[in-house]
Amino acid sequence: MRNLRQIDRWLLAVAGALLAATVAYIFYRALVLRIDQWDAFLYLNNARRFLGEVHADYSLDKPPVIPALFMPVVDAFRGEPPSLDMLIAPHLFSACLSVVSMAAVFLAFRGAVGWRLAIAGVLLTIGNRIFLRYAPLVMSDIVSAGWVAATYAAWFHARSRRELRWYALVGVCIGLAAATRYQFATLPFAIGAAELVATAQARRINDRRWLGLVLASVLSGLVFLGCLYLAFSWIQRPFTVASVQEALSYAAAGASREWPHEEWWHYFPMLAISVSPLVLGAAVVGVVIALVRRRPRDLLFAGWVLFVGGPLFRIDHNEARYLYAAFPGMYYFALLPLEELAKTQRFRAWLEASRGRVALAGAALALLVAAVWPGLDQVRLDLKDPFFEEDVLHASAAWLVEHHPEGTPYVWYGRPHSLHPRAMHTLYHDEFFNMFNFGHHEFEYFSGESMEENWQWPGREPVTGAIRMWPQGVALIAGTVDDWNTRELIEHGSPVVPVDTLAIERLTLERSAEGWTGGGVTLRRVSGGARAEAAEPELWLSLAPRPAARLTPGRTVALSDDDVATLTVYRVERASFPVREQPSDAR
């Protein structure tokens, strides 16, 4: 027993060091990341709307819990000019939420397999590509996994103590999980199915447990509807059956939107790349063990995997991160071979021997490295690529706010702009793991201003198109010219085109003896008309109905009397982000 206590201390020291290193890493990433996923800015703008900013674009398909949690973070920067803190602070808060979620995973595992294997389960849950990429990002996947884990941790207490307060906590956790990701409304069915099979095995009905299940189900519905009610009241939307149905239908429509070449079976290669083959193999062995011994807690974790992960295969659009909430359930089965091994007398006797302790240390370290290797590889890829630290989103938004011509609109011109790191195809079949699409939502979050979406492209040159559509001037970000270039990047590995940011201002010219002057341009009278001379880096002359003409320093444009009568001059300030283009790794 003394030797076992020494082993416990050694395991605690190693596990503590690994957990501390992982926490330090995700907080470091939170500080240096200069980018986030598309959904993140939808959540942050929803938080702005919750805070009463009526111009903030509200995405009805996004559940309310994540925006509600981020309200204090967003509120801290309201009314201020764009700053990097507006990205760093949400990332730090996301890292905190990820740590809390892993604490919930530990509690769920501890209630099932004890604290030693619970620590191993947490190490597996953080040692994969999904966690180490998304932990500092403003996304719902890790937080929702935490709600699911909290549900199961509370359920283990409820089953053992049979106290209604624990069943009530189960209901609260389920309601919050469903209000974080709508698909987790299936959790009562997961727990109910496990209890049904357990009842059949015991051949008797436990009234207390079934009463608790009913209580948890009712409370989960009330909490879920309460979250929607608060969200609708914050955005001043009537809370009716029709409005709830509309929100759920929007979410369903987004989930059912098909993308090119996506199939349900793509989740399997995504899983194989995200998680170690060693862990997957151990999970298969664990399922066999569970089928042989048929314990009630095995049924609960089977429900975790089937009811949380199973519905994903019916969704047309797939991404690897959707699987994450089912990962702890899968890791439970991967722990079962270790649990069964630890029960054997021969293994415990081997541990008592000094040679066994040394062998255990080496074997445990080797197994751990093999189990978390995908996560280590993801850390390597993310740290070596400067893409993640390039200040594109904030810098372009800040520049545009600073150079915004007074009284002109903000416009997103064209399609969303796709940005990606060099190692683009880390997860095959998941087009958004390494795809960060820059659109008007990102600008609106940083600036606190509304930006008009313009999906029409009247000309391939942003300036001439803008002059035609906004003759008084405009501040705009020019996205992709022809179409959203995600598919092009995936299939052909196209280089990222820098984000073109422009401020176009109409100038007022005053007549003088020599001609017309104003805003850095002079139109000099010449025989038969006038000649324009550029004194600015970029000036454009609108000669309707003829195409606009660009002036650069040292260039002149001959103008007739008719041209001068209809002439409009525009000053164009332009900046491109990033300066360095980032080629992709074509498959």
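Residues numbered from 1 in each chain as written. Predicted model: local features only at pLDDT ≥ 70, side-chain atom pairs only at ≥ 80, totals over all residues. Heavy atoms only, no water.

**A closer look at the overall build of the protein chain**
Here comes step 1: In terms of helices and strands, the protein chain carries 23 helices and 14 strands.
Here comes step 2: Sequence-distant contacts, at least 24 apart, represent 77% of the contacts inside the protein chain between residues at least 6 apart.
Here comes step 3: A total accessible area of about 25,700 Å² is found for the protein chain, and carbon and sulfur atoms account for 60% of it. (Helix = DSSP H or I, 4+ residues; strand = E, 2+ residues; numbered from the N terminus. Contact = heavy atoms within 4.5 Å. Areas by Shrake-Rupley, 256 points an atom, 1.4 Å probe, with all protein chains shown as cover.)

**So, the nonpolar core**
Here comes step 1: Counting residues in each nonpolar core, the largest one holds 141 residues, and the members touching the most others are Phe-109, Phe-131, Tyr-152 and Phe-327.
Here comes step 2: At 18 residues, the largest contribution of residues to this core is made by helix H5 (residues 85–126).
Here comes step 3: Filtering out sequence-adjacent residues up to four positions away, Phe-109 remains in contact with Gly-114, Ala-118, Gly-121, Val-122, Thr-125, Phe-301, Pro-328, Tyr-331, Tyr-332 and Leu-335.
Here comes step 4: Grouped together as the second largest cluster of nonpolar side chains are 17 residues, Ala-534, Leu-543, Leu-551 and Leu-567 included. (Core = buried A, V, L, I, M, F, W, Y, C linked by side-chain atoms within 4.5 Å. Buried < 20%, exposed > 50% of the residue type's maximum accessible area, 1.4 Å probe, protein only.)

**Things to note about the packing of aromatic side chains**
Here comes step 1: Within the structure shown, the criterion is met by 28 aromatic pairs.
Here comes step 2: Look at Tyr-332 and Phe-333: their rings are 5.2 Å apart centre to centre, the planes differ by 80 degrees, and that puts the pair in the edge-to-face class. For the pair Tyr-332 and Phe-333, one class covers both residues: buried.
Here comes step 3: Connected via pairs of aromatic rings, a cluster forms that spans Phe-109, Tyr-152, Phe-156, Phe-301, Trp-304, Tyr-332 and Phe-333.
Here comes step 4: Over the ring of Phe-433 we find Arg-133, and its NZ or CZ is 4.5 Å from the ring centre. (Phe/Tyr/Trp six-rings, centres within 6.5 Å; stacked < 30°, edge-to-face > 60°. Lys NZ or Arg CZ within 6 Å of the ring centre and 35° of its normal.)

**Overview of unusual backbone geometry**
Here comes step 1: Even without being a glycine, Gln-236 presents a positive backbone phi close to 55 degrees.
Here comes step 2: Take Gln-236: it is sitting in the loop between helix H10 (207–234) and helix H11 (241–255).
Here comes step 3: Despite not being glycine, Arg-294 has its phi angle at roughly 50 degrees, a positive value.
Here comes step 4: Within the secondary structure layout, Arg-294 lies in the loop between helix H13 (277–293) and helix H14 (296–309).

**So, the packing of helix H7 (residues 141–161) against H14**
Here comes step 1: It is at 12 Å that the axes of H7 and H14 come closest, and there the two elements cross at 155 degrees. When the interaxial angle is binned, H7 and H14 end up roughly antiparallel. In this structure, H7 meets H14 at a crossing whose hand is right-handed. Contact with H7, carried on its side by Val-148, Ala-149, Tyr-152, Trp-155, Phe-156 and Arg-159, involves Pro-296, Arg-297, Leu-300, Phe-301, Gly-303, Trp-304 and Val-308 of H14 and no other residues of that element.
Here comes step 2: Of the residues assigned to the contact of H7 with H14, the class counts are 10 nonpolar, 1 polar and 2 charged. (Axes fitted to C-alpha atoms, helices over the stretch in contact; angles between N-to-C directions. Parallel < 35°, antiparallel > 145°, perpendicular 65-115°, else oblique. Left-handed = near helix turned anticlockwise from the far one by under 90°. Nonpolar A, V, L, I, M, F, W, Y, C, P; charged D, E, K, R; others polar.)

**Quick word on the sheet that holds strand E1 (residues 410–413)**
Here comes step 1: Across the sheet, which stays open at both edges, the 7 strands sit in the order E4-E1-E5-E6-E14-E11-E12 with mixed pairing between neighbours. Lying at the two open borders of the sheet, with one neighbouring strand each, are strand E4 (452–454) and strand E12 (549–551). The mean inter-strand angle of the sheet, taken between neighbouring strand axes irrespective of direction, is 25 degrees. (Pairing = 2+ DSSP bridges.)

**A closer look at the pattern of salt bridges**
Here comes step 1: Within the structure shown, the criterion is met by 24 salt bridges.
Here comes step 2: Salt-bridge contacts for Arg-48 lead to Glu-53; the nearest nitrogen and oxygen are separated by 3.0 Å. Accessibility classification places Arg-48 together with Glu-53 in one group, the buried group.
Here comes step 3: Its salt-bridge partner being Glu-538, residue Arg-574 comes within 2.6 Å of it at the nearest N-O pair. You can see Arg-574 sitting in strand E14 (residues 568–577) and its partner Glu-538 sitting in the loop between strand E10 (529–534) and strand E11 (539–542), a full 36 residues away along the chain. (Salt bridge = Lys/Arg side-chain N within 4 Å of Asp/Glu carboxyl O.)

**A closer look at the pairing of strand E8 (residues 515–518)**
Here comes step 1: Pairing between strand E7 (residues 510–511) and E8: 2 bridges, direction antiparallel. Across the sheet, Glu-510 pairs through a bridge with Thr-517, a residue of E8.
Here comes step 2: Here E8 folds back onto strand E9 (residues 521–526), and the loop between the two strands holds 2 residues, one of which, Gly-519, carries a positive phi near 60 degrees.

**Quick notes on the side chain of Glu-538**
Here comes step 1: The class of Glu-538 is buried, set by a relative accessible area of 5%.
Here comes step 2: At 2.9 Å, the side chain of Glu-538 forms a polar contact with the side chain of Trp-540.
Here comes step 3: The residues contacting Glu-538, other than those within four sequence positions of it, are Val-463, Arg-550, Leu-551, Tyr-570, Arg-571, Val-572 and Arg-574. (Polar contact = N/O pair within 3.5 Å; in protein donor to acceptor, adjacent residues only side chain to side chain.)

**Considerations on the environment of Leu-367**
Here comes step 1: As for its placement among the helices and strands, Leu-367 is situated in helix H17 (residues 354–371).
Here comes step 2: Expressed as a C-alpha distance, the spacing of Leu-367 and Leu-278, which sit 89 residues apart in the sequence, is 8.3 Å.

**Section: the pairing of strand E6 (residues 499–507)**
Here comes step 1: Of all 9 residues in E6, 7 are buried; the element is thus mostly enclosed.
Here comes step 2: Pairing between strand E5 (residues 473–478) and E6: 6 bridges, direction antiparallel. Bridge pairing links Ile-477 to Thr-501 in E6.
Here comes step 3: When E6 meets E14, the two strands line up antiparallel, connected through 9 bridges. Paired with Leu-502 across the bridge in E14 is Arg-574.

**Re the sheet that holds strand E13 (residues 556–560)**
Two strands in a sheet stick together by hydrogen bonds in their backbones, pointing the same way (parallel) or opposite ways (antiparallel).
Here comes step 1: The strand order across the open sheet formed by 5 strands is E7-E8-E9-E10-E13, and the pairing between neighbours is antiparallel. In this open sheet, the two edge strands, each paired with only one partner strand, are E7 and E13.

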